[in-house]
Amino acid sequence: MNTREISELVEMHGNAIYTFCCSLTHNKIEADDLYQETFLKAIERKGKIHQNENPKSYLLAIAIGIWKNSRRKYARRQRIAPMESLNENSDGENSLCMELTKFITTEDRMINKEMCQIVRYEVEQLSDKLKIPLYLYYTLELSVENIAQIMKIPTGTVKSRLFKARKELKVKMEEHGYERR
């Protein structure tokens, strides 16, 4: 499949794919990103797309895969470094957390706030080799490849450092009495 045929796919199935992206994300900006990523991935895989084998399904599968991966990454980042823990002035009552915190008791909020402070402290105790990739990955949400470029190290080294940092943080949090949920 060539670039012209990909353009035809966009014209034929673009509206359906975009509608699907909107229904998955419930957010116009995220839907736009997902839509673009879907067709970028389709361009990368143009050799695998065949006109006579339902290309719309293939495009939807690409969109679902990208969406699942982004949700998985977001959930993992939230478990390790919740957004409220990154804001020094936040008490957990920002607009994004309001819906969730309605159902959380005051005791749970205090425990979460304490845990965030401990995580912040323990991250600061890590060596720069581990701390910098951790911050780049979780606070700036950079990809492993971007971190590797920034730090001028191989991607495998970035992955290894992120793994070691997570492992050390897990041990430290367990020492403080916190267990993985």
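These numbers were taken from a predicted model, which means no experiment stands behind them.

**Things to note about the nonpolar core**
Consideration 1: In this structure, Leu126, Leu134, Tyr137, Ile147, Val158 and Leu162 are the most contacted members of the largest nonpolar core, which totals 21 residues.
Consideration 2: Only helix H6 (106-125), helix H7 (128-138), helix H8 (144-151) and helix H9 (155-175) provide two or more residues apiece to this core.
Consideration 3: Beyond its immediate stretch of four places on either side in the chain, isoleucine 147 contacts Pro133, Leu136, Tyr137, Leu142 and Val158.
Consideration 4: In terms of nonpolar packing, the next biggest core, distinct from the first, is built from 14 residues, Ile17, Ala31, Ala63 and Ile66 among them.

**A short note on the pattern of salt bridges**
Consideration 1: All chains considered together, the criterion is met by four salt bridges.
Consideration 2: One salt bridge in this structure joins lysine 28 and aspartate 32, with 3.2 Å as the shortest N-O distance. Placement of both lysine 28 and aspartate 32 in helix H2 (residues 28-44) is noted, with a separation of four residues, approximately one turn of the helix.
Consideration 3: The shortest N-O distance in the salt bridge between glutamate 174 and lysine 170 comes to 3.9 Å. A residue pair is termed a helical-turn pair when its members lie 3 or 4 positions apart in one helix, as glutamate 174 and lysine 170 do in helix H9 at four residues.

**Focus on the packing of aromatic side chains**
Consideration 1: The tally for this structure, following the rule as stated, stands at three aromatic pairs.
Consideration 2: Aromatic pair tyrosine 18 and tyrosine 35: ring centres 5.6 Å apart, planes at 90°, arrangement edge-to-face. Residue tyrosine 18 is located in helix H1 (residues 3-25), and its partner tyrosine 35 is located in helix H2; the two are separated by 17 residues in the primary sequence.
Consideration 3: When the centroid spacing of 5.1 Å and the interplanar angle of 65° are considered together, the rings of tyrosine 35 and phenylalanine 39 count as edge-to-face. Here the residue tyrosine 35 and the residue phenylalanine 39 both occupy positions in helix H2, the gap between them amounting to four residues, near one helical turn.
Consideration 4: Clustering of aromatic rings is evident, with ring pairs tying together Tyr18, Tyr35 and Phe39.

**Some details on the confidence of the model for the chain**
Consideration 1: Residue-level pLDDT values for the chain average 78, and 84% of them are 70 or greater.
Consideration 2: No element of the chain has a lower mean pLDDT than helix H5 (residues 95-101), which averages 44, and none a higher one than H9, which averages 92.
Consideration 3: In the model, residues 85-101 has pLDDT below 50 throughout and makes 17 contacts with residues more than four positions away in sequence or in other chains.

Cut-offs used in this document
Residues numbered from 1 in each chain as written. Predicted model: local features only at pLDDT ≥ 70, side-chain atom pairs only at ≥ 80, totals over all residues. Heavy atoms only, no water. Core = buried A, V, L, I, M, F, W, Y, C linked by side-chain atoms within 4.5 Å. Buried < 20%, exposed > 50% of the residue type's maximum accessible area, 1.4 Å probe, protein only. Helix = DSSP H or I, 4+ residues; strand = E, 2+ residues; numbered from the N terminus. Contact = heavy atoms within 4.5 Å. Salt bridge = Lys/Arg side-chain N within 4 Å of Asp/Glu carboxyl O. Phe/Tyr/Trp six-rings, centres within 6.5 Å; stacked < 30°, edge-to-face > 60°. pLDDT = per-residue confidence, 0-100.

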